[in-house]
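Each chain is listed here by its residues.
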Amino acid sequence: MRQRTALLIAALVATALAAVPGCASTTALRGAQAASASASASASGPGGRAPRDFSGRIDIGGGRKLWLSCKGSGSPTVVLEPGLHDSSDTWTFTDTRPPVPKSPAVFPGVAAFARVCTYDRPGTIRYTNPPALTTRSTPVTGTRSLTAMASDLDELLTAAHVPGPYLLVGHSFGAMITRLYAQQHPADTAGLVFVDAFGTNAEPFFGAQWPAYLKLLNEPGTPFDEDPAFEKVDVDGAAAAVKAARPLPKVPMAVLSKTEPFAVPAGSPEAVLAPLERAWPEVQQALVELGNQTPHLLATGSDHYVQLHDPDLTISAIRLVVGRALAGR
């Protein structure tokens, strides 16, 4: 198991879909741009024509703004969706060991061959020193539904004039958002990449421990648990929404999965962690079976944060799906 810095262990005790993320040095975090721009700005360039690099807040209506960053050029546009409680920072730094290269991180790596965008959901954690809830997106209180989160993504892409179609990359619970978006917007979806993603079939493995697991998801022991703005989700409702929606479009997909246990601090409840580890391979296999000839890539030696520990593998999987999407046009 990788060593974690005291900075992140103190800030992020294991979340259900996620354990403590990899180490984020101040150097690595320089890739997470914090520039602000006019809310009326477009991420697709002047007049919606030529794409340009962009980082700023986008007005999505209802008095709310979401922070968006886009870079690179090419179609389809790759959209990177972070996991539960995570800001977009998790796509912009790495925590690798040889032979995996330290750079590039996923966001700049994908920008080398495609247009790529990522954003901060409200109430998610910035990997600053010390960590803090993002102030770049308008806070939202209360438990959020998956439908509302997918709607935010749609409103953001529309308001920012981000050109489709989209290749949707979701880490952990973020993949539930991209999955529902694809079900709701099949014509705008070019492909899907699941990065050690959550699914809809985990509950039976937990039995009576399921309520404890759900509580751990929304109250993972961070300093932000009691903050009304801290991201909380309706997990049962999310699974129901995915199951009730139309089938996924027939688009190329890829699944990346961890091989190591979830990285958790000492004292984590074994009664919850044991069924989680038993469930995870079945969750991953169910994702593979969502599409035809979907490659299942194992990030050997990685825990849940595959995009941090194996950024080159993650980038390669995205490139593969981009190629298949273009070939299928």
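Now for a look at the structure at hand. (Residues numbered from 1 in each chain as written. Predicted model: local features only at pLDDT ≥ 70, side-chain atom pairs only at ≥ 80, totals over all residues. Heavy atoms only, no water.)

## A word on the packing of aromatic side chains
Applying the stated criterion to the full structure yields eight aromatic pairs. With centroids separated by 5.6 Å and ring planes inclined at 55 degrees, the aromatic side chains of Phe 93 and Tyr 127 adopt a geometry described as tilted. Pair noted here: Phe 93 is in the loop between strand S3 (77-81) and helix H2 (106-111) and Tyr 127 is in the loop between strand S5 (125-126) and strand S6 (132-133), with a separation of 34 residues, a long-range link. In this structure, Phe 93 and Tyr 127 share a single accessibility class: buried. Each residue in the set Phe 206, Trp 210 and Tyr 213 is aromatic and connected to the rest through ring pairs, giving one cluster. Seen from the ring of Trp 67, Arg 136 lies directly overhead, with NZ or CZ sitting 3.6 Å from the centre. (Phe/Tyr/Trp six-rings, centres within 6.5 Å; stacked < 30°, edge-to-face > 60°. Helix = DSSP H or I, 4+ residues; strand = E, 2+ residues; numbered from the N terminus. Buried < 20%, exposed > 50% of the residue type's maximum accessible area, 1.4 Å probe, protein only. Lys NZ or Arg CZ within 6 Å of the ring centre and 35° of its normal.)

## Brief notes about unusual backbone geometry
Pro 104 follows Ser 103 through a cis peptide bond whose omega is 5 degrees. By the secondary structure assignment, Pro 104 is in the loop between S3 and H2. Backbone torsion omega between Gly 164 and Pro 165 reads 0 degrees, so that peptide bond is classified as cis. Turning to its location among the elements, Pro 165 is positioned in the loop between helix H3 (146-159) and strand S8 (166-171). Phi at His 161 takes a positive value of approximately 55 degrees, unusual for a residue other than glycine. Position of His 161 relative to the elements: it lies in the loop between H3 and S8. Even without a glycine there, the phi angle at Ser 172 is positive, about 55 degrees.

## Some thoughts on the sheet that holds strand S4 (residues 116-119)
An order of S1-S2-S4-S3-S8-S9-S11-S12 is seen for the eight strands of this open sheet, with the pairing classed as mixed. Every other strand in the sheet has two partners, leaving strand S1 (54-61) and strand S12 (296-299) as the edge strands with one partner each. For this sheet the average axis-to-axis angle between neighbouring strands, irrespective of direction, equals 25 degrees. Pairing analysis gives five bridges linking S3 to S8, with the strands arranged parallel. Within the sheet, the bridge partner assigned to Leu 80 lies in S8 and is Val 169. Contacts from helix H7 (residues 270-288) reach strand S9 (189-195), strand S11 (253-258) and S12, with the element oriented near 165 degrees to S11. (Pairing = 2+ DSSP bridges. Axes fitted to C-alpha atoms, helices over the stretch in contact; angles between N-to-C directions. Contact = heavy atoms within 4.5 Å.)

## Some remarks on the pairing of strand S2 (residues 64-71)
A regular strand carries its side chains on alternate faces of the sheet. Buried residues dominate S2, accounting for six of its eight residues. One ladder, built from seven bridges, connects S1 with S2; its direction is antiparallel. Bridging from a neighbouring strand, Arg 57 pairs with Trp 67 of S2. If you look at the hairpin formed by S1 and S2, you'll find two residues sitting between the two strands, and Gly 62 has a positive phi there, around 65 degrees.

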